[in-house]
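# Per-entry structural report
Okay, here's what each chain looks like letter by letter:
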Amino acid sequence: MKSSSQPSRQAGAGHSRARLLAVAIIVASLGTLSATAEPPATFSTPTGRVEGSTTIRGSEAANNAVVYLVPGAARGPLSAEPPRRDGPYHMDQHRLQFDPHVLVVPAGATVEFLNSDQVLHNIFAPPLDTEGFDLGTWPQSETRRHTFPEPGVNVLLCNVHPDMEAFIIVVPTRYYALTDEDGSFSIDDAPPGRYTLFAWHERCDPYEMAIEIGDGTNEVSVVLSLVGGRERY
Ligand SMILES: [Cu+2]
């Protein structure tokens, strides 16, 4: 470098100005590049996919379990990444049952509650893991809404029909899934890195496990334990 710069230094003021101009253009170009440093659309950002199986120790495969990933190793305040707040999210009351039995939504989501039955239904959630709420009682074909700002487990009950029960699990992350009939689940588009995987099932103890997600498919096995080590029902 030094040897090649020596001749141009002796080449006169006009040449130097041209060099300065060229350098200025390069610097300006670099400034523009760094200011708009979005990866071009043709480059794929590495993402991890989690494919998991969930079982209950000493029992059958666990459907209706909620599995979610919180970036970083700690419980607590959630990652910088905002929850996905798309939706809409629905909870129906149909044939004297809540449908679905378990609904998982990100914190901040609003759920629409529809009464599809010819009878009046009520919805309330006692203040257990969350503040709880009471939406009142309403007739067929009407909906009411509730927004869930805080993560936690909401137990839905109807004071007209004591046998009705459902759960809305509010999670502090956009990376979540509900397990299928055979206990399987998948979570897509998680940036590679360290996470805590949490799992919730109505009959099981809370579960958490530190995992590291790499680019591509990551297989995970979640084994839950019944509360008290035995069937509740
Ligand atoms: Cu009811």
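The structure displayed is predicted, hence computed values, not measured ones. (Residues numbered from 1 in each chain as written. Predicted model: local features only at pLDDT ≥ 70, side-chain atom pairs only at ≥ 80, totals over all residues.)

## Things to note about the sheet that holds strand β14 (residues 193-200)
In space, the 4 strands of this open sheet follow the order β12-β2-β14-β15, with antiparallel pairing throughout. Of all the strands in the sheet, the pair left with one neighbour each is β12 (176-178) and β15 (207-213). Strand-to-strand twist across the sheet, computed as the mean angle between neighbouring axes with direction ignored, equals 20°. Looking at chain direction, strand β2 (residues 66-71) and β14 are connected through 6 bridges and run antiparallel. Its bridge partner being in β14, Val67 is matched across the sheet by Ala199. (Pairing = 2+ DSSP bridges. Helix = DSSP H or I, 4+ residues; strand = E, 2+ residues; numbered from the N terminus. Axes fitted to C-alpha atoms, helices over the stretch in contact; angles between N-to-C directions.)

## Side note on the sheet that holds strand β9 (residues 143-148)
Strand order in the open sheet formed by 4 strands is β4-β3-β6-β9, with mixed pairing between adjacent strands. Of all the strands in the sheet, the pair left with one neighbour each is β4 (97-99) and β9. Direction aside, neighbouring strands of the sheet carry axes that sit 25° apart on average. Note that strand β6 (residues 109-115) and β9 share 6 bridges and pair antiparallel. Bridge pairing in β9 places Glu112 opposite Arg145.

## Section: the pairing of strand β7 (residues 121-125)
Alternating positions in β7 separate cleanly, His121, Ile123 and Ala125 being buried on one face and Asn122 and Phe124 remaining unburied on the opposite face. One ladder, built from 5 bridges, connects β7 with strand β8 (residues 133-138); its direction is antiparallel. Across the sheet, residue Ala125 finds its bridge partner in β8, namely Phe133. (Buried ≥ 20, exposed ≤ 12 C-beta atoms within 10 Å, placed from the backbone.)

Spatial relationships are all this shows, so hold off on functional conclusions.
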